[in-house]
Amino acid sequence: MATFPTPADEAEARAIQDSLRPRVVLDETGPPPGTGRVTGVDVAYDDERDVVVAAAVVLDAATLDVVAEATAVGRVTFPYIPGLLAFREIPTVLDVLESLPVDPGLVICDGYGQAHPRRLGLASHLGVLTGLPVIGVAKNPFTFSYEQPGGRRGDWSPLLDGEEEVGRALRTQDGVKPVFVSVGHRTGLDNACAHTLLLARDFRQPETTRRADALCRLALREATA
């Protein structure tokens, strides 16, 4: 994995994003849905103690059985600034991915990839640094516009920045709010949506995200007890 550069301030962080953006690979389709391994990563914070915990949960893509899981504890070293969230999270996420005993396969972030003002959200940033195929599946659309997709599972509408499609609003369950899928690195948007639907078998969010979220919250409670 590449070394993570720690910016001194907001201007340097934006400059780092600009330098990494040309390295995002957008012309690969990614692994076929339902094959290999898929890994959810998520983080939780204790801002009073400046503690951040990352969790990674590896699932068998076909069965959704847990193959491996890991957590890592770090320090918050960058302030919260919209559009620069990766600089708070990626150092600890890199640590947790390094600690996994198996190849993670496709990585799913609870966040954005190309659906980002500078086209380098967390999923794209992580993909460039690790070389792994990564997608972002977020709960909210950030700053972009979209029409409500149809009400059935699998319905979608484009997530737009002007006329550019930066992701999709995807209905993962009948009658529930959509999630917002975007390409991170080394995947295509059709493929990213297909993976998301397979992983969101029973709930709105992908099972990868649900399990990683639960694990990092547990690890945070233990780390700050």
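So, here's what we can say about the structure. Counting of residues starts from 1 at the beginning of each chain's written sequence and follows it residue by residue. Side-chain atom pairs in this predicted model are given and counted only at pLDDT of 80 or more, local residue features only at pLDDT of at least 70, and totals for whole chains, interfaces and linings cover all residues. Neither water nor hydrogens contribute to the side-chain values; these are computed over all heavy atoms in the structure.

## Observations regarding the pairing of strand S3 (residues 66-75)
Strands were regarded as paired on the criterion that DSSP finds at least two bridges between them. Strands are runs of DSSP state E lasting at least two residues, helices are runs of H or I lasting at least four, and both sets are numbered from the N terminus onward. As paired strands, strand S2 (residues 51-60) and S3 are joined by nine bridges and run antiparallel to one another. Considered in S3, the bridge of alanine 54 is made with alanine 72.

## Focus: the environment of alanine 86
Within the secondary structure layout, alanine 86 lies in helix H2 (residues 86-99). Residues alanine 86 and serine 124 lie 38 residues apart in sequence; the distance between their C-alpha atoms is 9.6 Å.

## A look at the environment of aspartate 190
Of note, aspartate 190 is situated in helix H4 (residues 189-199). Residues aspartate 190 and arginine 168, 22 residues apart in the sequence, show an inter-C-alpha distance of 9.4 Å.

## As for the side chain of threonine 39
Within the element layout of this structure, threonine 39 appears in strand S1 (residues 37-46). Buried residues are those whose accessible area, probed at 1.4 Å on protein chains only, stays under 20% of the maximum for their type, while exposed residues exceed 50% and partly exposed ones sit between those limits. Overall, the relative accessible area of 0% leaves threonine 39 in the buried class.

## Side note on the pattern of salt bridges
Salt-bridge detection follows one rule: a side-chain nitrogen of Lys or Arg within 4 Å of a carboxyl oxygen of Asp or Glu. Enumeration over the complete set of coordinates arrives at 15 salt bridges. Ionic pairing is found between arginine 168 and glutamate 165, a salt bridge with its closest N-O pair at 3.3 Å. According to the relative accessible area criterion, arginine 168 is buried, its value standing at 9%. Judged by relative accessible area, glutamate 165 falls into the partly exposed class, the value being 36%. Taking the shortest distance from any N to any O, the salt bridge between arginine 210 and glutamate 207 comes out at 3.2 Å.

## A look at the sheet that holds strand S4 (residues 106-109)
Spatially, eight strands are ordered S3-S2-S1-S4-S5-S8-S7-S6 in an open sheet, and the strand pairing comes out mixed. Looking at strand neighbours, the two that pair on one side only are S3 and strand S6 (156-161), the edges of this open sheet. In this sheet, neighbouring strand axes are inclined to one another by 25° on average, regardless of whether the strands run parallel or antiparallel. In this description, contact between two residues means that some pair of their heavy atoms is separated by no more than 4.5 Å. Note on definitions: angles span 0 to 180 degrees between N-to-C directions of axes, and those axes are lines fitted to C-alpha atoms, for helices only across the stretch in contact. Across the sheet, H2 touches S1, S2 and S3, and the angle it forms with S2 is around 45°. Along the sheet, H4 contacts S1, S4, strand S5 (134-138), strand S7 (164-170) and strand S8 (179-185); its crossing angle with S7, the most-contacted strand, is approximately 15°.

## Remarks on the packing of aromatic side chains
Centre distance within 6.5 Å is the pairing criterion for rings of Phe, Tyr and Trp, where only the six-membered ring of Trp is used; planes under 30 degrees apart are then read as stacked, over 60 as edge-to-face, and the remainder as tilted. Under the counting rule described, the total for this entry stands at four aromatic pairs. Between phenylalanine 78 and phenylalanine 87, the ring centres sit 5.6 Å apart and the planes meet at 45°, which makes this aromatic pair tilted. A relative accessible area of 1% means that phenylalanine 87 is categorised as buried. Centroid distance phenylalanine 142 to phenylalanine 144: 6.5 Å. Interplanar angle 75°. Geometry classified as edge-to-face. Only when the NZ atom of a Lys or the CZ atom of an Arg is both within 6 Å of the ring centre and within 35 degrees of the ring normal do we say a charge sits over the ring. Seen from the ring of tyrosine 45, arginine 88 lies directly overhead, with NZ or CZ sitting 4.5 Å from the centre. Above the ring of tryptophan 156, the side-chain terminus of arginine 168 is found at 3.9 Å from the ring centroid.

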